[in-house]
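# Architecture at a glance
Okay, here's what each chain looks like letter by letter:
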Amino acid sequence: SRDRVLTEDELAKVLPLMKYPAPAGLSGKLEPEDHLRPAAHRFILLTCARLREVAEMCWGDVDFKSGIWTKVPIDKRSLKDSKMQRIPLSDAAMKLLADLPSAKSAAPEDLVFPNSVGNVEGNWSRGTTALQEASGTTDWTRHDLRRTSSTILHALHTPIDTIADVLGHTNRSKRTGLSGAVEHYVVATKILNDVEDVRKVHLDRLARVLDTIESRAENDAYGVDAA
């Protein structure tokens, strides 16, 4: 099975490009303010989400007060009895969303990362290829970004069950005899100052690692220019 992850050097090259507005040269015929794919790639890194979860994500799925993203299972958005994953977002992921142009004006059913006409983006390969060409990296996919971030979480000694919860692989509450409804109470943990969602703790650490890698790369570039 594929086990490709991006190295620290590769992340240092691509992270400065994964932002909004899109860097010059990556937006093609679109204005940088209308090109959301670079930021969406970064969101995948910050959340370990699947591409389709990000592509089909609606503004109504995000609770900005609690910082919770309710991910509707792929291909099950129309099923009333489908089980949803509620995942806390890191501060960095929340800021990325808040900085997008439609964050305050979009309707709940509007997509967070739509294409230029407001529909689900279908040409992700073009966006990934543009990032690869601009950064001088090759042979990685959007799913490799998800794998890279989960690998970083493992390097940070994040418990395996916590990583699995973030990835949405299984409902870990079943192992302890708890009701699956326990996921409805993640918001309740915010009521007590001494109770933190362990997933957010580790996702915040992941975000700091990515920021450190990006900052180090920018400092190195500045040093070369200064010389």
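Quick note: structure is the one above.
The notes below deal with the structure included here. Because the structure is predicted, anything quoted here is derived from the model rather than measured. (Residues numbered from 1 in each chain as written. Predicted model: local features only at pLDDT ≥ 70, side-chain atom pairs only at ≥ 80, totals over all residues. Heavy atoms only, no water.)

## Digging into the packing of helix α2 (residues 37-47) against helix α6 (residues 142-155)
- Two elements in contact, α2 and α6, have axes whose closest approach is 7 Å; the angle formed by their N-to-C orientations is 35°. Judged by the sense of rotation from one axis to the other, the crossing of α2 with α6 is right-handed. Counting all contacts with α2, which are made through His 41, Ile 44 and Leu 45, the residues of α6 involved are Arg 142, Leu 145, Arg 146 and Ser 149.
- Here the contact of α2 with α6 is built from residues that sort into 3 nonpolar, 2 polar and 2 charged. (Axes fitted to C-alpha atoms, helices over the stretch in contact; angles between N-to-C directions. Helix = DSSP H or I, 4+ residues; strand = E, 2+ residues; numbered from the N terminus. Left-handed = near helix turned anticlockwise from the far one by under 90°. Contact = heavy atoms within 4.5 Å. Nonpolar A, V, L, I, M, F, W, Y, C, P; charged D, E, K, R; others polar.)

## Some remarks on the sheet that holds strand β3 (residues 85-88)
- Pairing is antiparallel across the open sheet formed by 3 strands, whose spatial order is β1-β2-β3. With partners counted over all chains shown, the strands left at the sheet margins are β1 (62-63) and β3, one partner each.
- In the sheet, β1 pairs with strand β2 (residues 68-71) via 2 bridges, with the strands oriented antiparallel. Bridge assignment links Asp 63 to a residue of β2, and that residue is Ile 68.
- Those strands touched by helix α7 (residues 160-167) are β2 and β3, and its axis lies near 115° from that of β3. (Pairing = 2+ DSSP bridges.)

## Let's talk about the packing of α2 against helix α5 (residues 124-135)
- Relative orientation of the contacting elements α2 and α5 amounts to 85°, with a least axis distance of 10 Å. Classed by the angle they form, the pair α2 and α5 counts as roughly perpendicular. Contacts from Arg 37, Pro 38, Ala 40 and His 41 in α2 reach Trp 124, Arg 126, Gly 127, Thr 128 and Leu 131 in α5.
- Considered class by class, the residues forming the contact of α2 with α5 number 4 nonpolar, 3 polar and 2 charged. (Parallel < 35°, antiparallel > 145°, perpendicular 65-115°, else oblique.)

## Section: the packing of aromatic side chains
- Under the defined criterion, the tally for this structure stands at 3 aromatic pairs.
- Considering the side-chain rings of Trp 59 and Phe 64, the 6.2 Å spacing of their centres and the 25° angle between planes classify their relative orientation as stacked.
- In this structure an aromatic cluster arises from ring pairing among Phe 43, Trp 69 and Phe 113. (Phe/Tyr/Trp six-rings, centres within 6.5 Å; stacked < 30°, edge-to-face > 60°.)

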